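Each chain is listed here by its residues.
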Amino acid sequence: MIYKSKKEEMEEFINLFPILINDIIKELDIIKFPKESIQWIEIMLKTNTIGGKMNRGISVLHSLESLKEGSVLSSNEIFQAQILGWCVELFQAFFLVADDIMDQSITRRGQPCWYRQKKPNSDDLNNTIGSIAINDAFIIESCIYILLEKYFKNESYYTNLLELFHKTSYQTQLGQLLDLTNQPKRGDFSLFNLKIHNRIAKYKTAYYSFYLPVALAMLMSKVNYQQAFTTAKDILLPMGEFFQVQDDFLDCYGSPAVIGKIGRDIEENKCSWMICQAILNGTPEQINLLKKHYGIDNPSDVEIVKKIYDEINLKKIFKDYEDTSYNLLMDKIKSNCIYVPQGVFLKLLLKIYKRDL
């Protein structure tokens, strides 16, 4: 077996993307779609899909390698796993484009969010994409199914792939709804608790970021016993919740240069793990101050909230949580992996533990 460095692996993965873009453009050429519109779609796909760490996409191949431990993957298996990986990256891109509009975010991956960028067919910097980005998100999602049909239609598990993507899309949409609707009137903390936060994390993040890549690899491996998928969920959904807590911490304390975006959970009155922990650990005086300043889009109010977080020592609370969660996940992996090799889950956990903190 030829072992590749992370850099070589990433280069091989990225080099496949232009081929997939070309597949999509060919479909548009067949229906004689306007060249200017094709160019828009090409720029839109490249801008919103490339630029992240691509851990989700690469995880399909890594999971397949672990599932087939002891066997050498064929070039076709590698190729198909990479295509499914790009489908996961497109899935993420479509949600991020929509999420940035809903949250009125400023930057994504170090660049202005897509809806804030100038239109591809305009030289006027003020002529931004705006609400057209909503339709662009739909187009990105549709590209997933174009690629699945082209490369997997003759596979026995093709229908399972479609069902998995559709179901994961629905679960993530439910998570978005929970995220957007669990923002009560500013100053009302009645919906800010860890039970609600965990539910949001499970649906908004865990299913598509952790379960989807592994489940795709399991379908490729022809895993057909339900208990294997149940075991995967039992481990991967808590892992996704752990990942979301990290994300909430980074939203507050992470450097925009490192995480690629400007955190806005405080300004947007989000049910973040940070505010939930502050409510649990703060004094009555601190909580009253948080009610007064949390959810206001003003730098001075944000600074007061962060100062209270520091007083409560949320960094220490987070570190303790991270270490405890890591140990619990390791115990789950060691005790529950009867139907799925431990390596499938260990690779994912090691990718996110202590990430960019």
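Residues numbered from 1 in each chain as written. Predicted model: local features only at pLDDT ≥ 70, side-chain atom pairs only at ≥ 80, totals over all residues. Heavy atoms only, no water.

1. Focus: the overall build of the chain
Within the chain, the secondary structure is distributed over 14 helices and two strands. The C-alpha atoms of the chain give 21 Å as radius of gyration, which agrees with the globular expectation for 357 residues (21 Å, within 12%). Along the first, second and third principal axes, the C-alpha set of the chain runs to 65 × 60 × 35 Å. For the chain, the residues scored as buried account for 51% of the 357 residues in total. Expressed as a percentage of contacts within the chain between residues at least 6 apart in sequence, the contacts between residues at least 24 apart total 76%. Working note: accessible area of the chain is about 17,100 Å², and carbon and sulfur atoms make up 53% of it. Positive and negative side-chain charges of the chain, numbering 42 and 44 respectively, have mean locations separated by a distance of 2 Å. (Helix = DSSP H or I, 4+ residues; strand = E, 2+ residues; numbered from the N terminus. Rg over C-alpha atoms; globule rule 2.2 N^0.38 Å. Buried < 20%, exposed > 50% of the residue type's maximum accessible area, 1.4 Å probe, protein only. Contact = heavy atoms within 4.5 Å. Areas by Shrake-Rupley, 256 points an atom, 1.4 Å probe, with all protein chains shown as cover. Lys, Arg positive; Asp, Glu negative; His and termini not counted. Charge placed at Lys NZ, Arg CZ, Asp CG, Glu CD.)

2. Overview of the side chain of Ser59
Relative to the elements of secondary structure, Ser59 occurs in helix H3 (residues 55-67). At a separation of 2.5 Å, a polar atom in the side chain of Ser59 contacts the main-chain carbonyl oxygen of Asn55. If we ignore the near neighbours within four places in the chain, the residues touching Ser59 are Pro213, Leu348 and Lys351. (Polar contact = N/O pair within 3.5 Å; in protein donor to acceptor, adjacent residues only side chain to side chain.)

3. What about the environment of Gln80?
Secondary-structure assignment places Gln80 in helix H4 (residues 75-103). Residues Gln80 and Ser169 lie 89 residues apart in sequence; the distance between their C-alpha atoms is 21 Å. Not counting the four nearest positions on each side in its chain, Gln80 is found in contact with Tyr151, Phe152, Glu155, Tyr157 and Met220.

4. Structural notes on the side chain of Thr168
As for its position among the elements, Thr168 is in helix H6 (residues 158-181). A polar side-chain atom of Thr168 sits 2.7 Å from the main-chain carbonyl oxygen of Leu164. In contact with Thr168, not counting residues within four places along its chain, are Phe91, Tyr207, Tyr208 and Leu212.

5. Examining the pattern of salt bridges
Applying the stated criterion across every chain yields a total of 16 salt bridges. Residue Asp179 pairs with Lys270 through a salt bridge whose shortest N-O separation is 3.2 Å. On the criterion of sequence distance, the pair formed by Asp179 in helix H6 and Lys270 in the loop between helix H9 (256-259) and helix H10 (273-281) is long-range, its members being 91 residues apart. Judged on exposure class, the residue Asp179 and its partner Lys270 are both buried. Through salt bridges with shared partners, a single ionic network connects Asp99, Asp100, Asp103, Arg108, Asp179, Lys204, Arg264, Glu268, Lys270 and Asp297. (Salt bridge = Lys/Arg side-chain N within 4 Å of Asp/Glu carboxyl O.)

6. A short note on helix H11 (residues 284-293)
Side chains three or four residues apart in an α-helix point the same way, a direct result of the helix having 3.6 residues per turn. Considered for burial, the residues of H11 that qualify are Gln286, Ile287, Leu290 and His293. Down the axis of H11, the buried side of the element spans an arc of 135°, and every buried residue falls inside it. For H11, exposure combined with an orientation more than 90 degrees from the buried face picks out Pro284, Glu285, Asn288 and Lys292. Each element contacted by the buried residues of H11 is listed here: H10 and helix H12 (299-312). Following H11 by one or two positions, Gly295 has its phi on the positive side, about 90°. (Arc of directions from axis to C-beta.)

7. A look at the environment of Asp247
Looking at the element boundaries, Asp247 is found in helix H8 (residues 226-253). Residue classification places Asp247 among the partly exposed positions, given a relative accessible area of 22%. For Asp247, the residues in contact, after removing those within four places along its chain, are Lys261 and Arg355.

8. Quick look at the confidence of the model for the chain
Confidence in the prediction of the chain, expressed as mean pLDDT, is 93, and 99% of residues score 70 or more. By mean pLDDT, H9 is the weakest element of the chain at 76, and helix H5 (residues 132-152) is the strongest at 98. (pLDDT = per-residue confidence, 0-100.)

9. Focus on the packing of aromatic side chains
Describing an aromatic ring pair means giving the distance of the ring centres and the angle of the ring planes. Inspection of every chain in the model, using the stated rule, returns 23 aromatic pairs. Look at Phe192 and Tyr294: their rings are 5.9 Å apart centre to centre, the planes differ by 80°, and that puts the pair in the edge-to-face class. Of this pair, Phe192 sits in the loop between H6 and helix H7 (194-220) while Tyr294 sits in the loop between H11 and H12, and the two are 102 residues apart along the sequence. Using a relative accessible area of 0% as the deciding quantity, one classes Tyr294 as buried. An aromatic cluster is built from Phe242, Phe249, Tyr253, Trp273, Phe318 and Tyr321, whose rings are joined through pairwise contacts. The ring centre of Tyr151 lies 5.5 Å from the NZ or CZ of Lys150, which sits over that ring. Lying across the ring of Tyr253, Lys315 places its NZ or CZ 4.6 Å from the centre. (Phe/Tyr/Trp six-rings, centres within 6.5 Å; stacked < 30°, edge-to-face > 60°. Lys NZ or Arg CZ within 6 Å of the ring centre and 35° of its normal.)

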